[in-house]
Amino acid sequence: MPPKGRIEVNENRCKGCELCTDACPQDVISMAAERLNTKGYHPAELIEAGCTGCGICAIVCPEAAITVYREVSQRAASAEA
Amino acid sequence: MDTAQHELEQVVYQRPESLMEVDTHYCPGCTHGVAHRLVAEVLDEMQVRQRTIGVASVGCSVFAYNYFNTDFVQAPHGRAPAMATGIKRCLPDRIVFTYQGDGDMASIGMGEVVAAAARGENITVVFINNANYGMTGGQMAPTTLPGQKTTSSPNGRDVETQGFPMQAAELLATLEGTSYSVRRSLHDPKNVRMAKKALRTAFEVQARGMGFSIVELLSVCPTNWGMTPLQSLKWLEEAMIPFYPIGDYKVNPALAGLRF
Ligand SMILES: Cc1ncc(C[n+]2csc(CCOP(=O)(O)OP(=O)(O)O)c2C)c(N)n1
Ligand code: SF4
Ligand code: SF4
Ligand code: SF4
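All residue numbers refer to position in the chain's written sequence, counted from 1. For this description, chains carry letters from A and ligands carry numbers from 1, given in the order in which they are written. The predicted origin of the model limits local features to residues at a pLDDT of at least 70 and limits the giving and counting of side-chain atom pairs to 80 or more, whereas totals for whole chains, interfaces and linings rest on all residues. Heavy atoms from the whole structure form the basis of all side-chain values; hydrogens and water molecules are not counted.

**Q** So what exactly am I meant to see when it comes to the side chain of A:Lys15 here?
**A** Helix and strand labels come from DSSP, where a helix needs a run of H or I of at least four residues and a strand needs a run of E of at least two; each type is numbered from the N terminus. Relative to the helices and strands, A:Lys15 resides in the loop between β1 (5-9) and α1 (19-23). We call two residues in contact whenever any of their non-hydrogen atoms come within 4.5 Å of each other. Beyond its immediate sequence surroundings of up to four residues, A:Lys15 is in contact with A:Lys39, A:Tyr41, A:Glu63, B:Thr24, B:His25, B:Tyr26, B:Cys27 and B:Pro28.

**Q** Got a minute to help me understand the packing of aromatic side chains in this structure?
**A** Aromatic rings in a pair are described by how distant their centres are and how their planes are angled relative to each other. The criterion for an aromatic pair is that two Phe, Tyr or Trp rings (for Trp, the six-membered ring) have centres within 6.5 Å, with stacked assigned to planes under 30 degrees apart, edge-to-face to planes over 60 apart and tilted to the rest. According to the stated counting rule, one finds 8 aromatic pairs over all chains in the structure shown. Between the aromatic rings of B:Phe72 and B:Phe97, the centroid separation amounts to 5.7 Å while the plane-to-plane angle is 85°, which identifies the pairing as edge-to-face. With B:Phe72 in strand β3 (residues 71-74) and B:Phe97 in strand β4 (residues 95-101), this pair connects stretches of sequence that are 25 residues apart. Its relative accessible area of 16% is what places B:Phe72 among the buried residues. Within the aromatic cluster, the residues linked to one another by ring pairs are B:Phe68, B:Phe72, B:Phe97 and B:Phe203. Here, a charge over a ring is recorded when the distance from Lys NZ or Arg CZ to the ring centre is within 6 Å and its angle to the ring normal is within 35 degrees. The side chain of A:Arg6 reaches across the aromatic face of A:Tyr69, ending 4.1 Å from its centre. Here's how the labels work: a residue is buried when its accessible area is under 20% of the maximum for its type, exposed when over 50%, partly exposed in between, all with a 1.4 Å probe on protein chains only.

**Q** I would appreciate a short explanation of the site of ligand 3 in the present structure.
**A** Residue and element names in this part refer to chain A. Any residue with at least one heavy atom within 4 Å of a molecule or strand is counted as near it. Lining the immediate environment of ligand 3, one finds Cys14, Lys15, Gly16, Cys17, Glu18, Cys20, Met31, Ala44, Cys61, Pro62, Glu63 and Ile66. The rule is simple: put a 1 Å grid over the protein atoms alone, call a set of points where a 1.4 Å probe fits but cannot get out a cavity, call an open set with protein on both sides within 12 Å along at least five of seven lines a pocket, and count a residue as lining if it has an atom within 4 Å of a point. Cavity and pocket membership follows a simple rule, namely that a molecule belongs there if more than half of its atoms are within 2 Å of the grid points. Put simply, ligand 3 lies in the largest cavity. Among the residues making up the shell around ligand 3, the classes are represented as 8 nonpolar, 1 polar and 3 charged. Asp, Glu, Lys and Arg are counted as charged, while Ala, Val, Leu, Ile, Met, Phe, Trp, Tyr, Cys and Pro are counted as nonpolar; the rest, among them Gly, fall into the polar class.

**Q** What exactly am I supposed to notice about the interface of chain A and chain B here?
**A** One widely used convention gives an interface's size as the accessible area the parts lose upon coming together. On the side of chain B, 31 residues touch chain A, which itself brings 30 residues to the contact. The salt bridge definition used is simple: a Lys or Arg side-chain nitrogen within 4 Å of an Asp or Glu carboxyl oxygen. Scanning the region where chain A abuts chain B turns up 4 salt bridges. Linking B:Glu9 and A:Arg6 is a salt bridge whose minimum nitrogen-to-oxygen distance equals 2.8 Å. Side-chain atoms alone can form a polar contact between residues adjacent in sequence; in general such a contact is a pair of N or O atoms within 3.5 Å, and within protein one must be able to donate a hydrogen while the other accepts it. Where chain A packs against chain B, one counts 16 residue pairs in polar contact (both at pLDDT 80 or more). At the level of secondary structure, the elements contributing two or more residues to the side of chain A that touches chain B comprise α1, α2 (56-60), β4 (66-71) and α3 (74-80) of chain A. Here the side of chain A that touches chain B takes 6 residues from β4(A), the largest share from any one element. By the bridge criterion, 4 bridges tie β4(A) to strand β1 (residues 9-13) of chain B in an arrangement that is antiparallel. Looking at β1(B), one finds that A:Glu71 is bridged to B:Glu9. By definition, two strands form a pair when at least two bridges between them are found by DSSP.

Everything listed is a geometric property; what it means functionally is a separate question.
In structure tokens form, the structure reads like this:
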């Protein structure tokens, strides 16, 4: 099973450039069509399950607006303990 | 999400501490932002944020002093390497870097950077090559490609009258005082990773007192290129890289075997 992850986008920092949506290998980021941020852009958001926490979106984001989280598997967590 | 699940989650990427918590004025998709982020990540990793002094130049990145969470000064157009020289010589325990565009470094400031490299000044230059003058409205820069249309070369750069572009990483590599001179690009995740490694190496060169280091970063200017951010990444890859190959033009042999 691929690892499970999620991202948080600092919405008001996003400039809607779409570099993250294009780079995401899982195609799980999209621009929120129904919402505008304080700058007037449609911010990027995670649209569905399938994020692996690979961090590629964060690597290309010019605004450093993305925080990436990855689940630590139960087994890996207990091995570390 | 319940707490039990939270405990089993790790942060794999977060905004570096060496960036201020502020918005930048850069256009959407401008890779100045990526270059800033990479420098900040490297300063975090080397734990030198509190003893770093940046020198901002004239160009779109003039406000870099508002964006980095380090000490910063701002130099007259093209003079950042001269200012960095003075700072580093007075405060040799600081990490000193300049952040310069191609209009700044390769045009009005070419003399300063060449002289600083020839003297082997122990400073790091982050050089952003976006093939035009961004701040002033997309005029031709020394780095503008042959045939490239800009606001001051509306028929395309004619090498007969306007000369050939400057290849700064290759040029500065010829000088004895240069320890590290490489070119990287910011157009895709793999190249962004490579760019970060090069920046780390350049700052390590300085930390080891090995002399002048420069990383040339191919960067986009979607606004003045008249493209969307994604189109501009493609143009960088297809038009710029053939003329500005990614590569290591000088690497001090003393760096061999060092892994960061
Ligand atoms: C002495 C002087 N000459 C000219 C200018 C006008 N000027 C401002 S920014 C700039 C060039 C900026 O281009 P670049 O260094 O490529 O940076 P970018 O904006 O593309 O990031 C010029 C010529 C100036 N500010 N001062
Ligand atoms: S972390 Fe990876 S999979 Fe998840 S949204 Fe970002 S690019 Fe896509
Ligand atoms: S790369 Fe960053 S700024 Fe661009 S759309 Fe994604 S989150 Fe927004
Ligand atoms: S004008 Fe060009 S270089 Fe300047 S911020 Fe906009 S896209 Fe970036």
